[in-house]
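# Summary of structural features
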Amino acid sequence: MVLKDARTPTGIMNFFSEENFDRLQSIMYRRHAAKGDFLFREGDLADRLYYVIHGGVRITKLSENGKSFILYLHQTGDLFGQIDPFQNSLQSFSAEVTEDCEFGVIQRKDLEVLLWQHGDLAIEFMKWMGLMHRMTETKFRDLMMYGKPGALCSLLIRLSNSYGVPEGEHIHINYKINNSEMADMIGATRESVNRMLSEMKKENAVEFDHGQIVIKNVTYLRDICHCENCPVEICRM
């Protein structure tokens, strides 16, 4: 896991050439949604992709007992969605708007025509899909391999790579997130997140500034989560 410079782009422009990104934009339908709206829910037909022009969206998954897990926090410049190679597949997750959002919708039938017409775009699209799958794999690795402390440290590094602003030797996470939300991201309770963050604060690894987290010692976090120095395109929210 590598902390990025705040100027490093992390959206789909990392994966597509300018020409191919323009081609994707040409088949997008622009839409708006308000905070609290759902772009799709688990069980809906999975036949389109979504590009965040402006705003924020979080991807969630319901457990059998009704608990909601937060898997991704998408921001401006992100492309997401589920298009399987099988017809009539269903959404495995839900997408909730976290701030008023303008987004582009790419329908499966339009994308298939575009990929058939432009082989270089098809190759870039395959690379993007591969990286998205690897992002999911590394998140589940963090949850399963190194316990809740490792998962929380990995989460903090991912938040830094997505929303971090360098302040000298520290990284200010410019995104307000509460302990309950972090608990939902690592499958823990709010109380256990409280304890782990308190321990990190005692170790002078993190501090809090008006409801936002400041990372003071990223080496401490990396050691706990057995950091593998994944590329920033993967180690993000």
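Computed from a prediction, not measured in an experiment: that's the story for all the values here.

### A few points about the overall build of the protein chain
- Broken down by element type, the protein chain carries seven helices and 10 strands.
- Relative to a compact globule of 237 residues, whose C-alpha radius of gyration would be 18 Å, the protein chain shows 18 Å and is just as compact.
- Dimensions along the principal axes, computed over C-alpha positions, put the protein chain at roughly 55 × 40 × 30 Å.
- Within the protein chain, the fraction of its 237 residues that count as buried is 46%.
- When the accessible area of the protein chain is evaluated, it comes to approximately 12100 Å², of which 52% is carbon and sulfur surface.
- Of the charged side chains in the protein chain, 27 are positive and 33 negative, and the gap between their average positions amounts to 3 Å.

### Some remarks on helix α2 (residues 108–117)
- Residues Arg108, Asp110, Leu111 and Leu114 constitute the buried set of α2. Each buried residue of α2 lies within a common arc of 160 degrees when the element is viewed along its axis, so the set occupies one face. Residues of α2 that are exposed and point more than 90 degrees away from the buried face comprise Lys109 and Trp116.

### Overview of the environment of Arg141
- Relative to the elements of secondary structure, Arg141 occurs in helix α3 (residues 119–145).
- Sequence separation of Arg141 and His172 is 31 residues, and the distance between their C-alpha atoms is 26 Å.

### So, the sheet that holds strand β9 (residues 206–209)
- Taking strand neighbours across the sheet as the criterion, the four strands line up as β7-β8-β10-β9 in an open arrangement whose pairing is antiparallel. A single partner strand is all that each edge strand has here, and the edge strands are β7 (164–167) and β9. The sheet shows a mean angle of 30 degrees between the axes of neighbouring strands, direction not considered.
- Taken together, the four bridges between β7 and strand β8 (residues 170–173) define a ladder with antiparallel strand orientation. If you follow Val165 over to β8, its bridge partner there is His172.
- The sheet contacts of helix α4 (residues 147–163) involve β7, β8, β9 and β10 (212–215), and relative to β8 the element is tilted by about 80 degrees.

### Examining the confidence of the model for the protein chain
- A residue-level look at the protein chain finds 94% of positions with pLDDT of 70 or above and a mean pLDDT of 87.
- Scored below 50 in pLDDT, residues 1–9 shows 32 contacts in the model against residues more than four places distant or in partner chains.

### What about α4?
- Taking 1.5 Å per residue, 17 residues should reach 24 Å; α4 reaches 24 Å between its end C-alpha atoms and fits that length.
- Buried residues dominate α4, accounting for 14 of its 17 residues.

### Brief notes about unusual backbone geometry
- Of note, His210 is a non-glycine position whose phi angle comes to about 50 degrees, a positive value.
- Along the chain, His210 turns up in the loop between β9 and β10.
- Looking at His210, the relative accessible area reads 71%, which means it is exposed.
- One non-glycine residue with positive phi stands out, namely His226, at about 55 degrees.
- Mapped onto the secondary structure, His226 falls in the segment after α7 (218–224).
- Look at His226 and you get partly exposed, because its relative accessible area is 45%.

### A short note on the pattern of salt bridges
- Taken as a whole and judged by the stated rule, the model has 12 salt bridges.
- The partner of Arg23 in a salt bridge is Asp120, with the nearest N and O atoms 3.6 Å apart. Linking Arg23 in helix α1 (residues 18–26) with Asp120 in helix α3, this pair joins segments that are 97 residues apart in sequence.
- Overall, Asp120 belongs to the partly exposed group, its relative accessible area being 39%.
- Glu96 is paired through a salt bridge with Arg58; the nearest N and O atoms lie 3.3 Å apart.

Cut-offs and rules
- Residues numbered from 1 in each chain as written.
- Predicted model: local features only at pLDDT ≥ 70, side-chain atom pairs only at ≥ 80, totals over all residues.
- Heavy atoms only, no water.
- Helix = DSSP H or I, 4+ residues; strand = E, 2+ residues; numbered from the N terminus.
- Rg over C-alpha atoms; globule rule 2.2 N^0.38 Å.
- Buried < 20%, exposed > 50% of the residue type's maximum accessible area, 1.4 Å probe, protein only.
- Areas by Shrake-Rupley, 256 points an atom, 1.4 Å probe, with all protein chains shown as cover.
- Lys, Arg positive; Asp, Glu negative; His and termini not counted.
- Charge placed at Lys NZ, Arg CZ, Asp CG, Glu CD.
- Arc of directions from axis to C-beta.
- Pairing = 2+ DSSP bridges.
- Axes fitted to C-alpha atoms, helices over the stretch in contact; angles between N-to-C directions.
- Contact = heavy atoms within 4.5 Å.
- pLDDT = per-residue confidence, 0-100.
- Expected span 1.5 Å × (residues − 1).
- Salt bridge = Lys/Arg side-chain N within 4 Å of Asp/Glu carboxyl O.

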